[in-house]
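# Secondary and tertiary structure notes
Here are the chains, one letter per residue:
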Amino acid sequence: MAIKSKSVKHFSVRNFLATILHAFMATPTDLPGVFTQGDTRTPVGDWHSVLMTSELSSQCNLERMVFCKCTKDVQHEFILLHFRHPVQRHAVAILVLDRTSRVECMENNGGSFRSVGQASVLSPSVSQVPAHDTISTTFNSPSALESYLTQRYHSYRSLSNLDFPASARPSAMQVSVLLCVLSKHSPTYQLWQYQCYWYAHTVWEALKRLFDGCQETTLIDGRSQFWGRDVPRAESVEEVCKQYRVEWVLFENVVEERRRRKKEEERSRRKREEAEKRAEEERKQREEAERRVEEERKQREEAERRVEEAAREHEAEMSQLRERVAELERRAV
């Protein structure tokens, strides 16, 4: 009994220490769009804009992708993106990427989640509507992610993993540029070409081609299939990669120009501050000189006043002396 009691006590201490450690390893919040405090669903263009607000987005790397597929209804496909924080290395954010139709997104926003992709595949009337390419975030915990995925997709399974080597991991910013290229390449959701199957396949294959050395692991077959049958989709990987390379060069030029302007603004700011500092020092020196001049003037006036006062006192004494002499002379007569 004593041994069991000691074992239980030891386990409780370990849990206590683990709780304290977890508090010190809290999820970072200095990288908007990747590490967040709650559920968000953001169009990829807006996600790119959010990432532009933090320089860390170019240092936050994609370590793994997971290709997922719903097991019911139209077997919607989506991707999980695993990003590691560049500073707090213990922190990994898992984002959800997929394509749906704009009509379906508006329907889902009116209430709770239902099986994603159902409306856009079963209804030909929405086969060519604006696409809704989105990045979704959740609380950074396995239970929160699983709850989110189950609520949004119901039943799903992982088909493949794609792991990027440390030497060739795309940054969150690079991923966002690629996603913007895809949305620009196909802004509409077309049932027989540019649907969720095309989107997940193209993202997967483009990143695999653009960043060499990836290790792909197939867990279950079934990608780009609807109940075992291949789904027609456009073959856009090569064209998307070509467009990405052009857009990335343009993006780097824009970033470099912004960096140059920022340096110039910083130099101008420092020059203004230095000029203001010199002007302030000169003002203080002038005020000090004026203060000294004023002090010297007061000292001269005080000296003159004392001289005048001494002269008046001397004159008064001389007058008294003359009066006494005169008085003595009168008495002598």
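Before reading on, note that the structure itself is shown above.
Scope of this entry: the structure provided in the associated data block. (Residues numbered from 1 in each chain as written. Predicted model: local features only at pLDDT ≥ 70, side-chain atom pairs only at ≥ 80, totals over all residues. Heavy atoms only, no water.)

## Looking at the nonpolar core
In terms of nonpolar packing, the biggest core is built from 47 residues, with Val34, Trp47, Met65, Leu81, Phe83 and Leu179 touching the most fellow members. Core analysis: the second largest hydrophobic core is formed by 11 residues, Val66, Cys68, Phe78 and Tyr148 among them. (Core = buried A, V, L, I, M, F, W, Y, C linked by side-chain atoms within 4.5 Å. Buried < 20%, exposed > 50% of the residue type's maximum accessible area, 1.4 Å probe, protein only.)

## Describing the pattern of salt bridges
Any two side chains of opposite charge can pair, given that their charged atoms come close. A full pass over the atoms with the stated rule returns 32 salt bridges. Here glutamate 266 makes a salt bridge to arginine 269, at a shortest N to O gap of 2.1 Å. Within this pair, glutamate 266 and its partner arginine 269 are both found in helix α8 (residues 237-332), separated by three residues, close to a single helical turn. Its relative accessible area of 31% is what places glutamate 266 among the partly exposed residues. In this structure arginine 269 comes out as partly exposed when scored by relative accessible area, which is 30%. The partner of glutamate 287 in a salt bridge is arginine 283, and the shortest N-O contact between them spans 2.4 Å. Of this pair, glutamate 287 and arginine 283 both sit in helix α8, four residues apart, which is roughly one turn of the helix. Judged by relative accessible area, which is 29%, arginine 283 ranks as partly exposed. (Salt bridge = Lys/Arg side-chain N within 4 Å of Asp/Glu carboxyl O. Helix = DSSP H or I, 4+ residues; strand = E, 2+ residues; numbered from the N terminus.)

## Focus: unusual backbone geometry
Positive phi, normally seen in glycine, also occurs at glutamine 75, with a value near 55 degrees. Relative to the elements of secondary structure, glutamine 75 occurs in the loop between β2 (61-70) and β3 (77-84). A positive phi angle, close to 65 degrees, is found at histidine 154, a residue other than glycine. In this structure, histidine 154 sits in the loop between α5 (142-153) and β6 (156-163).

This is a description of form; function is not addressed.
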